[in-house]
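Structural features, examined
Spelled out from the first residue to the last, the chains are:
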Amino acid sequence: MIKKKSVVAAAMAMSMMASLSTTAYAGTIASGVTPIVANAETSGANYTSGAAGTSGSESSTGIVEATGALEGTEAAAPTTETVAAVNENAMQAITAAGGTDTTHALVSSSGSSASTPADSIGTTSFGPTVPGVTGSSTGSTNMNNLFGTGTTTSGSSTVLNALSTVPLPAGYYCSNVGTYTYQEMQVDLNILKTTYPQMQMDVLGNTIDGRQLYHVVVGNPSAPHKILVHGGIHAREYISSQVVMREIVALLEMQQNNWLYHGQSVATLLQNTCIHFVPMVNPDGITLVQGGIDALNTQAAKTMVMSMAAQDQVTDLATYLRKWKNNINGVNLNRNFDAFWQEATPKVDHPSNMFYKGTGPESEVESKALANLCRQLMPDYTISYHTQGRVIYWYFGETGNYKAKGQYLANVVHQNTGYTISDTWSQTDAAGFKDWAVQKLDIPSVTIELGRGTSPVDESQITQMWTENDGILPDLLVGIGA
């Protein structure tokens, strides 16, 4: 059964407006809600990316040094006019929301009724659509009033306990609706590191075109349990990186403010289970899809791409690049792992924008880095985000104890998202990261296919994707236990 969820109270949202000049939060989205909007391809607020835009080119090779410290980027602070416009938009959304939902009245930590949520404002974001507004004590106080804090697991009545909601702070590019770029992710990581000093980060490696593979750690690195999550392994599926970044932001906010989720302290849960993220496994390919050939850093990369297009006898270069799935070497990273790699059917025998599986397992810096991290961590679970189809893949022919654990993981995802669980697998359609983690390491793993339509899916779908997926990691934390 899909969990019944609620949205933030309009009255509470109004009380937050006063703090927008220092900290503003997106409308809090409940995890696993069945979307209000019937057509996912047209759902969501049509916000654009923040002030830094989605520039088609970048000259930097990254902002993280070997130590993992972020340097060299600054977030644009919202102007007074921006905040005023956001206030007006938020108030209009509240007014438009109209009726109330008395089933999900907010409950304070003392158990008294606080305020009644508006019925349908779940797709509205409150706060500036540019990054640069970081957390403050004022903003935290407002969110604490909404969600409650605590360290007990006694099930005392708090909003997180009563409503099973997950916060999404605004002030980050990933909180917006629009194209989410590698550069914007760098800015977000910079702000996150400042706002949440407990977050840890390093670099797994450098790509062919000079970008960095970021590894973000939320929780106690020495925890007995671990979860590994990644997105953006396929270039045209770049929206998956935005979902992963939202998961990072939400967990950090819950951890820092010591909010309760289903009566349990998120900070305590993260001491027991650490979550490792690689939010953008294929930044070169993603940059190519979003910005075209001129967005690449090096002439060597541009030459490689044009050579592949010539070999594929491309007549429509724009469409060819927009459908790019592989890394900049023309290798499908999710067909580059040692799980029936030999048997996996090669749809093309040369580097291309899709399909080519490489010269051997882990032939690429990106797949090697991800596999090395997984071998090092040996996590309890892995989650791979992709698009498209709203499907959960988990099975790879395993039986026994693994099968029960894998089914549990798939069911947690299904209960949040409502996505279809697939039990199919084939040696000829293999060599993916999930396949390898299951077959070689015996780690319960899922591939989650987000969204509807053809990749790259419509960017407005991020709103629905978030409402469907935001509760997965908190639910796993609770399931593993404190």
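Presented here is a report on the structure given in the accompanying data block. (Residues numbered from 1 in each chain as written. Predicted model: local features only at pLDDT ≥ 70, side-chain atom pairs only at ≥ 80, totals over all residues. Heavy atoms only, no water.)

Bringing the overall build of the protein into the picture now. Along the backbone of the protein there are 15 helices and twelve strands. The buried share of the protein, taken over its 482 residues, is 60%. When contacts within the protein are restricted to residue pairs at least 6 apart in sequence, those whose partners lie at least 24 apart make up 82%. When the accessible area of the protein is evaluated, it comes to approximately 17300 Å², of which 49% is carbon and sulfur surface. (Helix = DSSP H or I, 4+ residues; strand = E, 2+ residues; numbered from the N terminus. Buried < 20%, exposed > 50% of the residue type's maximum accessible area, 1.4 Å probe, protein only. Contact = heavy atoms within 4.5 Å. Areas by Shrake-Rupley, 256 points an atom, 1.4 Å probe, with all protein chains shown as cover.)

Time to look at the environment of A250. The residue A250 is located in helix α6 (residues 239-256) in this model. For A250, a relative accessible area of 2% corresponds to the buried category. Expressed as a C-alpha distance, the spacing of A250 and P167, which sit 83 residues apart in the sequence, is 5.6 Å.

Looking now at the sheet that holds strand β8 (residues 273-278). Strand order in the open sheet made by the eight strands is β3-β4-β8-β5-β9-β12-β10-β11, with mixed pairing throughout. Of all the strands in the sheet, the pair left with one neighbour each is β3 (200-206) and β11 (420-422). Between one strand axis and the next, the sheet turns through 20° on average, direction left out of account. Alignment of strand β9 (residues 381-387) against strand β12 (residues 445-450), held across six bridges, turns out to be parallel. Its bridge partner lying in β12, I383 is registered against V446. Sitting on the sheet, helix α12 (residues 400-417) is in contact with β9, β10 (391-393), β11 and β12, with an inclination near 25° to β12. Relative to the sheet, helix α13 (residues 433-441) contacts β5 (225-230), β9, β10 and β12, its axis offset from that of β12 by approximately 165°. (Pairing = 2+ DSSP bridges. Axes fitted to C-alpha atoms, helices over the stretch in contact; angles between N-to-C directions.)

So, on to the pairing of β5. Of all six residues making up β5, five are buried, and the element is well covered by its neighbours. Inspection of the sheet shows β5 paired to β8 by six bridges, in the parallel sense. Each residue of the ladder has a partner; that of V229, found in β8, is F277. Two strands pair when backbone bridges link them, and β5 and β9 are joined in this way by four bridges, in the parallel orientation. Within β9, the position partnered with L228 by the bridge is T382.

The subject of this paragraph is helix α8 (residues 283-291). Summarising burial for α8: seven of the nine residues are buried, a large majority. Contact partners of the buried residues in α8: α5 (182-195), β4 (212-218), α6, α9 (299-311) and α10 (317-322). Backbone geometry just downstream of α8 places G292 in the positive-phi region, at approximately 80°.

Locating T273 in the fold gives a position in strand β8. Overall, T273 belongs to the buried group, its relative accessible area being 0%. For T273, the side chain forms a polar contact with the side chain of N272, separated by 3.4 Å. With residues near it in sequence (within four places) discarded, T273 still touches A223, H225, K226, I227, L477 and I480. (Polar contact = N/O pair within 3.5 Å; in protein donor to acceptor, adjacent residues only side chain to side chain.)

Following both chains from N to C, one finds helix α11 (residues 365-377) and α13 inclined at 35°, their axes separated by 12 Å at the closest point. Two packed elements cross with a definite hand, and for α11 against α13 that hand is right-handed. Where α11 abuts α13, its residues L370, A371, C374 and R375 lie against F433, W436 and L441. In the contact of α11 with α13, the residues fall into six nonpolar, no polar and one charged. (Left-handed = near helix turned anticlockwise from the far one by under 90°. Nonpolar A, V, L, I, M, F, W, Y, C, P; charged D, E, K, R; others polar.)

What follows concerns α12. Helix length check: α12, at 18 residues, gives a terminal C-alpha distance of 26 Å against a target of 26 Å (1.5 Å per residue), a fit within 8%. When we look at burial in α12, the residues that qualify are Y402, G406, L409, A410, V412, V413, N416 and T417. Angular distribution of buried residues about the axis of α12 spans 150°; they occupy a single face of the element. Relative to its buried face, α12 has exposed residues pointing more than 90 degrees away, namely G400 and N401. Just past α12, the residue G418 takes up positive phi, approximately 80°. (Expected span 1.5 Å × (residues − 1). Arc of directions from axis to C-beta.)

Bringing the pairing of β4 into the picture now. The buried fraction of β4 is high, at seven of seven residues. Residues Q212, Y214, V216 and V218 point to one face of β4 and L213, H215 and V217 to the other, with burial holding for every one of them. In this structure, the hairpin formed by β3 and β4 is closed by a connection of five residues, where G210 is found at a positive phi of approximately 85°. Sheet analysis places β4 next to β8, joined by three bridges and oriented antiparallel. Residue pairing in the sheet places V216 in a bridge with F277 of β8.

Here we come to the layout of surface pockets. Its volume calculated, the largest pocket comes out at about 680 Å³. Within the residue set of the lining of the largest pocket, elements represented by two or more residues are β9, β10, α13 and β12. In terms of residues, the lining of the largest pocket owes the most to one element, α13, which gives three residues. By residue class, the composition of the lining of the largest pocket is nine nonpolar, twelve polar and ten charged. (1 Å grid on protein atoms, 1.4 Å probe; cavity = no way out; pocket = protein on both sides within 12 Å on 5 of 7 lines; lining within 4 Å. Points joined across faces, edges and corners; volume = space filled by probe spheres on them.)

A word on the pattern of salt bridges. Using the criterion set out here, one finds seven salt bridges in the structure. Salt-bridge contacts for R211 lead to D209; the nearest nitrogen and oxygen are separated by 2.7 Å. Note that R211 and D284 form a salt bridge whose closest N and O atoms lie 2.8 Å from each other. Pair noted here: R211 is in the loop between β3 and β4 and D284 is in helix α8, with a separation of 73 residues, a long-range link. Judged by relative accessible area, D284 falls into the buried class, the value being 0%. (Salt bridge = Lys/Arg side-chain N within 4 Å of Asp/Glu carboxyl O.)

Our focus in this paragraph is the environment of S175. Mapped onto the secondary structure, S175 falls in the loop between β2 (165-166) and α5. Among the residues examined, S175 registers a relative accessible area of 4% and is labelled buried. The spatial distance from the C-alpha of S175 to the C-alpha of T463 is 9.3 Å, given a sequence separation of 288 residues.

From the geometry alone we can't say anything about function, so treat these as descriptive.
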